[in-house]
Protein chains: 2
Amino acid sequence: MPEAGAPEPIARLVQEFSKLPGIGPKSAQRLAYHVLRAPEDDARALARALADVKERIVFCGTCFNITERDPCGLCESDNRDRTLVCVVEQPLDVLVVERTGGFRGLYHVLHGALNPIDGVGPEQLRIQELLGRVEAGDVAEVIMATNPSLEGEATSMYVQRLLQPLGVRVTRLARGLPSGADLEYMDDLTLSRALEGRQEL
Amino acid sequence: MPEAGAPEPIARLVQEFSKLPGIGPKSAQRLAYHVLRAPEDDARALARALADVKERIVFCGTCFNITERDPCGLCESDNRDRTLVCVVEQPLDVLVVERTGGFRGLYHVLHGALNPIDGVGPEQLRIQELLGRVEAGDVAEVIMATNPSLEGEATSMYVQRLLQPLGVRVTRLARGLPSGADLEYMDDLTLSRALEGRQEL
């Protein structure tokens, strides 16, 4: 320990915190000193939660969503429409779609989107496994719910091309104005998509 | 696990992250899902760093700064001026003053500032221990380096009144304009303090 610096355990905690996304060196320092002041049980609970996530979470062998047991609760459920599969990029997206309460089908998590610059090609995503599910029958419609970003759109197009020969219906989430938006502040692309997809009143 | 919710370990990690200051529910969720994707070693390192901070950090019995061994490196050093004691609110403040490289004395960490609303009275702070250090001799000057806030100022005044009878010199950090500031955007209090403390050019 340098005479004037922070004790090694604190410096290390600052370093570990600053590896997290959106946490800069200043925030990391504030968090580390907060942990120091906070009750020991709080630090212990966070440490255990970190370990548990890594030890107890696995991927469902069917939909590749995160779960504590494989197959996951969604894939095993009798209350879901097995002819509908919603394809998302990340496990968090499953939660977001579930929260709407408007979807009663199954999911398929790709674990990313095509991104050649970051070295993410089709073989890094769970695309083969999706084709396998569709080939096995049952699935009547695949809803592409990737992000409306360059990478997400490219992934949708790529997957759609592979699914087409299998005779399954492939749809994607509607593009348009988000609720509560202000026309004045909408970007051109969103606005042109909303125009293209205009609906009868 | 509810069929549609996040698996329990993830939900718990989200909950633990959101207990940290400045981390809302959305950020906590983002952090938890990041941990899930990140290498297992990263999660393990953060968990261990959390535990280590709680297990290996103690307070120095003299200055009450955080340290791995008591007395701390600063109190034990032969290169520091033992007649000068800089009083700060928090351990992090020691680091901040050390970083200037302009102070070669010792420190005393109060672990807070007087704050009647939050129930912080003199007995919650390391004030008696400071008086004990001054009474033991050696100390010629105490520099009050509490925050320039209501609570910090009140704490300084309170400590200064207790130190006065002991015949020690008590000073505080200068008040004035911060470097690089713009007069136009300075608050009235800072500006009046800078006027009061004006210096010969």
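Below or above, wherever it landed, is the structure these notes cover. (Residues numbered from 1 in each chain as written. Chains lettered and ligands numbered in written order. Predicted model: local features only at pLDDT ≥ 70, side-chain atom pairs only at ≥ 80, totals over all residues. Heavy atoms only, no water.)

Let's talk about the environment of Leu106 of chain B
Residue and element names in this part refer to chain B.
Thinking step 1. Mapping Leu106 onto the fold places it in strand S4 (residues 105-109).
Thinking step 2. A relative accessible area of 4% means that Leu106 is categorised as buried.
Thinking step 3. For the pair Leu106 and Gln160, spaced 54 residues apart in sequence, the C-alpha to C-alpha distance is 18 Å. (Helix = DSSP H or I, 4+ residues; strand = E, 2+ residues; numbered from the N terminus. Buried < 20%, exposed > 50% of the residue type's maximum accessible area, 1.4 Å probe, protein only.)

What to know about the pattern of salt bridges
Thinking step 1. Under the definition given, this model contains 28 salt bridges over all chains.
Thinking step 2. In this structure, Arg169 of chain A and Glu141 of chain A form a salt bridge, with 3.2 Å as the shortest nitrogen-oxygen distance. Residue Arg169 of chain A is found in strand S6 (residues 169-172), and its partner Glu141 of chain A is found in strand S5 (residues 141-144); the two are separated by 28 residues along the sequence.
Thinking step 3. Across the salt bridge formed by Arg193 of chain B and Glu153 of chain B, the nearest N and O atoms sit 3.2 Å from each other. Of this pair, Arg193 of chain B sits in helix H8 (residues 188-196) while Glu153 of chain B sits in helix H7 (residues 150-163), and the two are 40 residues apart along the sequence.
Thinking step 4. A relative accessible area of 26% means that Arg193 of chain B is categorised as partly exposed.
Thinking step 5. Among the residues examined, Glu153 of chain B registers a relative accessible area of 15% and is labelled buried.
Thinking step 6. Residues joined in a network through salt bridges with shared partners are Glu8 and Arg12 of chain A together with Asp52, Arg56 and Glu68 of chain B. (Salt bridge = Lys/Arg side-chain N within 4 Å of Asp/Glu carboxyl O.)

Notes on the pairing of strand S3 (residues 81-88) of chain B
All names here are of chain B.
Thinking step 1. Here S3 runs beside S4; their pairing, made up of five bridges, is parallel. Its bridge partner lying in S4, Val85 is registered against Leu106.
Thinking step 2. With helix H5 (residues 91-100) bridging S3 and the parallel S4, this β-α-β connection has right-handed handedness. (Pairing = 2+ DSSP bridges. Right-handed = clockwise from strand over helix to strand, strands pointing away.)

Quick notes on the state of the cysteines
Residues and elements named next belong to chain B.
Thinking step 1. All chains considered together, the criterion is met by zero disulfides over all chains.
Thinking step 2. The closest cysteine sulfur to the non-disulfide-bonded Cys86 is located on Cys63, 11 Å from its own sulfur.
Thinking step 3. With a relative accessible area of 2%, Cys86 lands in the buried category. (Disulfide = S-S within 2.5 Å.)

Considerations on unusual backbone geometry
Thinking step 1. In this chain, Asp70 of chain A is followed by Pro71 of chain A through a cis amide linkage whose omega measures 0°.
Thinking step 2. Structurally, Pro71 of chain A can be placed in the loop between strand S2 (66-67) and helix H4 (73-76).
Thinking step 3. Even without being a glycine, Phe64 of chain B presents a positive backbone phi close to 65°.
Thinking step 4. Within the fold, Phe64 of chain B resides in the loop between strand S1 (58-59) and strand S2 (66-67).
Thinking step 5. The phi dihedral of His111 of chain B falls on the positive side, at around 65°, and the residue is not glycine.

Some thoughts on the relation of the copies chain A and chain B
Thinking step 1. The two copies are related by a screw operation: chain A maps onto chain B through 180° of rotation and 0.1 Å of translation along the axis, at an RMSD of 0.1 Å. When the rotation and shift are considered jointly, the pair of chain copies conforms to a two-fold rotation axis. Ranked by how close their C-alpha atoms come to the rotation axis, the residues of chain A are headed by Ala47 of chain A, at 2.1 Å.
Thinking step 2. When the interface residues of chain A are mapped onto chain B, 100% of them again lie at the interface, so the same face is used by both copies. (Least-squares fit on C-alpha atoms with pLDDT ≥ 70 in both. Contact = heavy atoms within 4.5 Å.)

Points about the nonpolar core
Side chains of a nonpolar character, in soluble globular proteins, are inclined to be buried together.
Thinking step 1. Membership of the largest hydrophobic core comes to 44 residues, with the highest contact counts inside it found for Phe17 of chain A together with Phe17 of chain B.
Thinking step 2. When residues of this core are traced back to their parent elements, those giving at least two are helix H1 (8-17), helix H2 (25-37) and helix H3 (40-56) of chain A together with helix H1 (8-17), helix H2 (25-37) and helix H3 (40-56) of chain B.
Thinking step 3. The contact partners of Phe17 of chain A, leaving out residues within four places of it in the chain, are Ile23, Ala28, Leu31, Ala32 and Val35 of chain A together with Leu20, Leu46 and Leu50 of chain B.
Thinking step 4. By size, the runner-up hydrophobic cluster in this structure holds 16 residues, among which are Leu130, Leu131, Val139 and Val159 of chain B. (Core = buried A, V, L, I, M, F, W, Y, C linked by side-chain atoms within 4.5 Å.)

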